[in-house]
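# Commentary on secondary and tertiary structure
Each chain, written out:
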Amino acid sequence: MLIVGQGLAGSILAWQLIQCGKSVLVTHDEHASSASRVAAGLFNPVTGQRFVLQSDAEVLIPAARELYTHMEQQFEQPFFYEMPMLRIIKNEKELSTLYKRKTDPVYSAYLGEITTHPSLNAPLGVVEQFQTGYLDTNALLDCLKSYFIENHSFISNQFIHDDLETTAAGICWNGIKANQIIFCEGYMGRNNPWFSWLPFQPAKGEILTLKSTAELPDQIINGGRWLLPVHDGNHKVGATYDHDLSTTRPTEKAEHGLLGAMQQLLIDMPDYEIIAQQCGVRPNTLDKNPFIGFHPEHHQLGIFNGFGSKGSMLIPYYADLFAQHLTDSAEIPARVDIARIQ
Ligand SMILES: Cc1cc2nc3c(=O)[nH]c(=O)nc-3n(C[C@H](O)[C@H](O)[C@H](O)COP(=O)(O)OP(=O)(O)OC[C@H]3O[C@@H](n4cnc5c(N)ncnc54)[C@H](O)[C@@H]3O)c2cc1C
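Residues numbered from 1 in each chain as written. Predicted model: local features only at pLDDT ≥ 70, side-chain atom pairs only at ≥ 80, totals over all residues. Heavy atoms only, no water.

## Some thoughts on the overall build of the protein
Of regular secondary structure, the protein possesses seven helices and 22 strands. Its C-alpha radius of gyration of 21 Å places the protein within 12% of the 20 Å reference for a compact globule of 342 residues. Along the first, second and third principal axes, the C-alpha atoms of the protein reach 65 × 45 × 40 Å. Taking all 342 residues of the protein together, 53% fall into the buried category. Long-range contacts, defined here as pairs at least 24 residues apart, represent 72% of the contacts in the protein between residues at least 6 apart. A total accessible area of about 15900 Å² is found for the protein, and carbon and sulfur atoms account for 48% of it. (Helix = DSSP H or I, 4+ residues; strand = E, 2+ residues; numbered from the N terminus. Rg over C-alpha atoms; globule rule 2.2 N^0.38 Å. Buried < 20%, exposed > 50% of the residue type's maximum accessible area, 1.4 Å probe, protein only. Contact = heavy atoms within 4.5 Å. Areas by Shrake-Rupley, 256 points an atom, 1.4 Å probe, with all protein chains shown as cover.)

Shown next as structure tokens:
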């Protein structure tokens, strides 16, 4: 099996396939943009102004937790940090939606008390959210890359689509033969000649990493933009959201916007030093569901992509499911199967 792209999607799928005993080769362009290397890796099952619970959260979260815990044991290194989130209630409408949600037993595992916090600019209060946290995506990807290299399952190379030959038995690329190829190219999947018909809706985002000596809240603070305390003592502030991809480099506009947002979250803006500003492109899709499956005519060409803004929560479950499909013919659910797109 040849996999193109070593972001979270390609890496976790490759890992799952290796666990199933498949022979895998991952080819990865180190110079291309990677959302996974920029992402804060936040885990948040209840989102939006209407506090909507992620569908299938009850299976997605345990699958992610199980996989990351297993990997932490395997690599003897932490990746997944569970941490409560305080969501700032912005207006009366949000407050009344929240009261409704809190009467629904399905939400009781995810929403806690409505409370206040002395450092936060939240006149209507904050609601505690549970089953939240973040994945240290860079640490995980570094470990997986070393693992693939040790297993002779990795090449650092840009995949040129014109070099691919499809054969009756599978594919051939630069002398490498495989039964199937799975494209995990993130937002660049929209330029893939076999899958460019899929309705991608990429969204650029920027994140700041700050160092501060001030005492800041030790929960994730979410008021649309968020403030995340990370394990090395720094804080991340994010994220912008923009469909204009005319530049994919960090911008001053985003820096000012994020610092302004942080100022709105906190009663007192602390002293800080910006130590990084990063920009990446989320592989969002028009109907907000992932793209999983095979080309309608070339069945040796597959895709595992479209995890939007929620890769760290969605990818473990769907990688396991797709690996089972590839090894045991398990069904791909219609909602995520690219066959849904006409
Ligand atoms: C600013 C920002 C904030 C985010 N915050 C969060 C968050 O808090 N929580 C969350 O869950 N998600 C977040 N995301 C989304 C998350 O990053 C994605 O859901 C996830 O990382 C997508 O992984 P991927 O592997 O599909 O794509 P990518 O990480 O983009 O990986 C694709 C890889 O394919 C490689 N590639 C592409 N074309 C080729 C080729 N031709 N040859 C070889 N290699 C190729 C690229 O180099 C790239 O590394 C955020 C994204 C951004 C940009």
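There is more to say after this.
## Some remarks on the sheet that holds strand S10 (residues 133-135)
Across the sheet, which stays open at both edges, the three strands sit in the order S3-S10-S6 with antiparallel pairing between neighbours. In the strand order of this sheet, the two ends are held by strand S3 (42-43) and strand S6 (80-82), each with one partner. Bridge count between S6 and S10: three bridges; the pairing is antiparallel. Each bridged residue has a counterpart across the sheet, and for Phe-80 the counterpart in S10 is Leu-135. (Pairing = 2+ DSSP bridges.)

## Observations concerning the packing of helix H1 (residues 8-19) against helix H3 (residues 57-75)
Direction vectors running N to C along H1 and H3 enclose 75°, while the axes themselves pass 13 Å from each other. By the criterion of interaxial angle, the relationship of H1 to H3 is roughly perpendicular. Between H1, through Ile-12, Trp-15, Gln-16 and Gln-19, and H3, the contact on the second element is made entirely by Leu-67, Tyr-68, His-70, Met-71, Gln-74 and Phe-75. (Axes fitted to C-alpha atoms, helices over the stretch in contact; angles between N-to-C directions. Parallel < 35°, antiparallel > 145°, perpendicular 65-115°, else oblique.)

## Here's the deal with helix H4 (residues 92-102)
Inspection of H4 places Glu-94, Leu-95, Thr-97, Leu-98 and Arg-101 among the buried residues, and these make up the whole buried set. All buried residues of H4 lie within an arc of 165° about the axis, which places them on one face of the element. With respect to the buried face of H4, the exposed residues turned more than 90 degrees away are Glu-92, Lys-93 and Lys-100. Next to the buried residues of H4 lie strand S5 (52-53), strand S7 (85-88), strand S8 (111-115) and strand S9 (126-129). (Arc of directions from axis to C-beta.)

## With respect to the site of the ligand
The local shell around the ligand holds 38 residues, among which His-28, Ser-36, Leu-42, Gly-308 and Ser-312 are the closest. Taking Ala-9, its main chain carries an N or O atom lying 3.0 Å from an oxygen atom of the ligand. Taking 990 Å² as the accessible area of the ligand by itself, protein coverage stands at 97%. Where the shell around the ligand is concerned, the elements lending two or more residues are H1, strand S2 (25-28), helix H2 (35-38), strand S16 (203-211), strand S20 (273-282) and helix H7 (311-328). Each residue belonging to the shell around the ligand can be placed in one class, and the counts come to 16 nonpolar, 17 polar and five charged. Built from parts of two domains, the shell around the ligand gets at least three residues from each of domain 1 (2-40 + 137-199 + 286-340) and domain 3 (203-282). (Near = heavy atom within 4 Å. Polar contact = N/O pair within 3.5 Å; in protein donor to acceptor, adjacent residues only side chain to side chain. Nonpolar A, V, L, I, M, F, W, Y, C, P; charged D, E, K, R; others polar. Domains from an automatic or database assignment.)

## Thoughts on the domain arrangement of the protein
According to the domain assignment, the protein consists of domain 1 (2-40 + 137-199 + 286-340), domain 2 (42-135) and domain 3 (203-282). For domain 1 versus domain 2, the distance between C-alpha centres works out to 29 Å. If you look at the interface, domain 1 gives 20 residues, while domain 2 gives 23 residues. Of the roughly 1900 Å² buried between domain 1 and domain 2, counting both surfaces, carbon and sulfur atoms make up 68%. Taken as a group, Trp-15, Leu-140 and Met-313 account for 32% of the area that domain 1 buries against domain 2, more than any other trio of residues on that side. Linking domain 1 with domain 2 are one salt bridge. Ionic pairing is found between Asp-56 and Arg-335, a salt bridge with its closest N-O pair at 2.5 Å. The tally of links from domain 1 across to domain 2 stands at six residue pairs in polar contact (both at pLDDT 80 or more). Those elements that place two or more of their residues in the side of domain 1 that touches domain 2 are H1, helix H5 (137-150) and H7. For the side of domain 1 that touches domain 2, a count of residues per class yields 14 nonpolar, four polar and two charged. (Buried area = accessible area lost by both parts, 1.4 Å probe. Salt bridge = Lys/Arg side-chain N within 4 Å of Asp/Glu carboxyl O.)

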